[in-house]
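# Structural overview for review
For reference, the chains in residue letters:
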Amino acid sequence: MRTEIRRSTWVKPLLSVFGGTAERSYVDIEGDEIHVRFGWLFDERIPLSRVTSVERARWPLLGGLGWRTNFVDTVAVVGSYDDVVRVRLAPAVPMRVLVRVPAETLYVSVEDPDAFVAEVRRRIASRVS
């Protein structure tokens, strides 16, 4: 399953400078991993075995858009304040956002958040049973 990273119209020109175009901004669920790509700056594969939960979430206005991190335990690749999903991970997955961050939480804005959440939950459930 593939869904594009949701990018608000007004921020697309800025994101495209860093490769955040429609062709390079997506989330794929491939086999036993989630592949998140957001332009040239972010290309990570997350094992589904590390996903503990996934749900819709709000991304704060002050959090900004683009490639974000708190440099402690959270990474976000958000091109919109709408349709954001939070993926919780354990153990943490190292992700590069300028530097490697041991991400326990990943926020990502996606075009079809309900389908994405349902598919990840389905795969998690099939892993347990």
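Read on for an overview of the structure. (Residues numbered from 1 in each chain as written. Predicted model: local features only at pLDDT ≥ 70, side-chain atom pairs only at ≥ 80, totals over all residues. Heavy atoms only, no water.)

Now for the nonpolar core. In this structure, Ile34 and Phe116 are the most contacted members of the largest nonpolar core, which totals 38 residues. Those elements giving two or more residues to this core turn out to be strand S2 (25–30), strand S3 (33–38), strand S4 (42–47), strand S5 (51–57), strand S7 (74–78), strand S8 (84–97), strand S9 (99–109) and helix H2 (113–128). Sort the elements by how many residues they give to this core and S8 lands first, with 7 residues. If we skip the residues at most four places from it in the chain, Phe116 touches Met1, Thr3, Val27, Ile29, Ile34, Val54, Val85, Val87 and Val110. (Core = buried A, V, L, I, M, F, W, Y, C linked by side-chain atoms within 4.5 Å. Buried < 20%, exposed > 50% of the residue type's maximum accessible area, 1.4 Å probe, protein only. Helix = DSSP H or I, 4+ residues; strand = E, 2+ residues; numbered from the N terminus. Contact = heavy atoms within 4.5 Å.)

Judged by pairing direction, the sheet is antiparallel, and its 4 strands sit side by side in the order S1-S2-S3-S4 without closing on themselves. Strand pairing shows two members of the sheet lacking a second neighbour, strand S1 (2–4) and S4, which therefore form its edges. Neighbour-to-neighbour, the strand axes of this sheet turn through a mean angle of 10°, independent of strand direction. Sheet topology places S3 next to S4; 6 bridges connect them, and they run antiparallel. Bridge pairing in S4 places Glu33 opposite Pro47. (Pairing = 2+ DSSP bridges. Axes fitted to C-alpha atoms, helices over the stretch in contact; angles between N-to-C directions.)

Turning our eyes to something else, we now look at unusual backbone geometry. Following Ala90, the chain continues to Pro91 via a peptide bond in cis, the omega torsion being -10°. Looking at the element boundaries, Pro91 is found in strand S8. Of note in the backbone geometry, Phe71 takes a positive phi value of approximately 65° without being a glycine. Note that Phe71 resides in the loop between strand S6 (66–69) and S7. Within the chain, Leu98 stands out as a residue other than glycine whose phi angle is a positive 70°.

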